[in-house]
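Observations on the three-dimensional arrangement
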Amino acid sequence: MSDHLHLENEVEAIQSVTFEEIVSYLTTSGAVRSCEACGNESWSVGMDDGKPILATLPTFDKPTITLSFILICKNCGNTRLSSAKHVARAVIQTRAKSS
């Protein structure tokens, strides 16, 4: 699969990412660090019915949104967002390399 996710398959690609793939990518990429608010190192990924919950961030100058996976500190509830498109692209590339 191409490195570029086109709009028509972007949401489908994001929805295909599993909890395990999100955690694996965020852990191996160094994105999971201690909570800046409380120092805790345990995080959860927002999930609903086995699918990652997506936060939507609108842009103001054009009719687009950014989709993000939600990470929540298990101690204090501090919330981090990680670009769903970026994570999905990396996961899909990893899948392609291992097949």
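A brief structural summary. Nothing here was measured: the structure is a model prediction, and the numbers come from that model.

1. Structural notes on the overall build of the chain
What the chain contains, in helices and strands, is three helices and six strands. Starting at the N terminus, the α and β elements of the chain follow one another as α-α-β-β-β-β-β-β-α. For the chain, the residues scored as buried account for 29% of the 99 residues in total. Counting contacts in the chain only where the partners sit at least 6 residues apart, residues at least 24 apart contribute 56% of the total. Averaging the positions of the 9 positive and the 11 negative side-chain charges in the chain gives two centres separated by 5 Å.

2. Examining the nonpolar core
Counting residues in each nonpolar core, the largest one holds 17 residues, and the members touching the most others are I14, V17, I22, Y25, L26, F69 and V87. Those elements giving two or more residues to this core turn out to be α2 (19–28), β1 (43–45), β5 (65–73) and α3 (84–98). Element by element, the count of residues in this core is highest for α3, at five residues. If sequence neighbours within four positions are ignored, I14 has contacts with L54, L67, F69, A84, K85 and A88.

3. A closer look at the state of the cysteines
For the structure on display, the rule yields zero disulfides. With no disulfide of its own, C35 lies closest to C76 among cysteine sulfurs, the gap being 3.8 Å. Its relative accessible area of 4% is what places C35 among the buried residues.

4. Things to note about the side chain of S68
Tracing the backbone through its elements, the reader meets S68 in strand β5. Judged by its relative accessible area of 4%, S68 is buried. Those residues within four positions of S68 in sequence are excluded, and the remaining contacts are I53, L54, A55, L57, L81, S82, S83 and A84.

5. Some words on the packing of α2 against α3
For the pair α2 and α3, interaxial distance at closest approach is 10 Å and the crossing angle is 95 degrees. On the basis of their axis angle, the class for α2 and α3 is roughly perpendicular. Counting all contacts with α2, which are made through E21, Y25 and L26, the residues of α3 involved are H86, V87, A90, V91 and R95. Residue composition of the contact of α2 with α3, grouped by class: five nonpolar, one polar and two charged.

6. Brief notes about α3
Its 15 residues place the ends of α3 21 Å apart at the C-alpha level, agreeing with the 21 Å of an ideal helix rising 1.5 Å per residue. For α3, every residue scored as buried is listed here: A84, V87, A88, A90, V91 and I92.

7. Structural notes on the pattern of salt bridges
Using the criterion set out here, one finds three salt bridges in the structure. A salt bridge links E36 to R80, with the nearest nitrogen and oxygen atoms 2.7 Å apart. Of this pair, E36 sits in the loop between α2 and β1 while R80 sits in strand β6 (residues 79–83), and the two are 44 residues apart along the sequence. Given the relative accessible area of 56%, E36 is considered exposed.

Thresholds, definitions, all that
Position labels on residues start from 1 in each chain and follow its written sequence. Note on the predicted model: pLDDT of at least 70 is required for a residue's local features to be given, and 80 or more for side-chain atom pairs to be given and counted; whole-chain, interface and lining totals, by contrast, use all residues. To obtain the side-chain values, all non-hydrogen atoms of the structure were used and water was disregarded. Think of it this way: any DSSP run of H or I at least four residues long counts as a helix, any run of E at least two long counts as a strand, and we number them from the N terminus. Burial classes follow relative accessibility: with a 1.4 Å probe on protein chains only, a residue under 20% of its type's maximum area counts as buried, one over 50% as exposed, and anything between as partly exposed. The contact definition used throughout considers only heavy atoms, calling two residues in contact when any of these lie within 4.5 Å. In summary, the charge assignment counts Lys and Arg as positive and Asp and Glu as negative, without counting His or the chain termini. Note on charges: their place is set at NZ of Lys, CZ of Arg, CG of Asp or CD of Glu. For this analysis, a nonpolar core means a set of buried residues of the types Ala, Val, Leu, Ile, Met, Phe, Trp, Tyr and Cys, connected via side-chain atoms within 4.5 Å. Cysteine sulfur atoms are paired as a disulfide whenever they come within 2.5 Å of each other. Fitting a line to C-alpha atoms yields each axis, with helices limited to the stretch in contact; the angle taken between N-to-C directions then spans 0 to 180 degrees. Angle categories are assigned with fixed cut-offs, so that under 35 degrees is roughly parallel, over 145 is roughly antiparallel, 65 to 115 is roughly perpendicular, and the rest are oblique. For this classification, the nonpolar set comprises Ala, Val, Leu, Ile, Met, Phe, Trp, Tyr, Cys and Pro, the charged set comprises Asp, Glu, Lys and Arg, and every other residue, Gly included, is treated as polar. The span one expects for a helix is its residue count, reduced by one, times 1.5 Å. We count a salt bridge whenever a side-chain nitrogen from Lys or Arg sits within 4 Å of a carboxyl oxygen from Asp or Glu.

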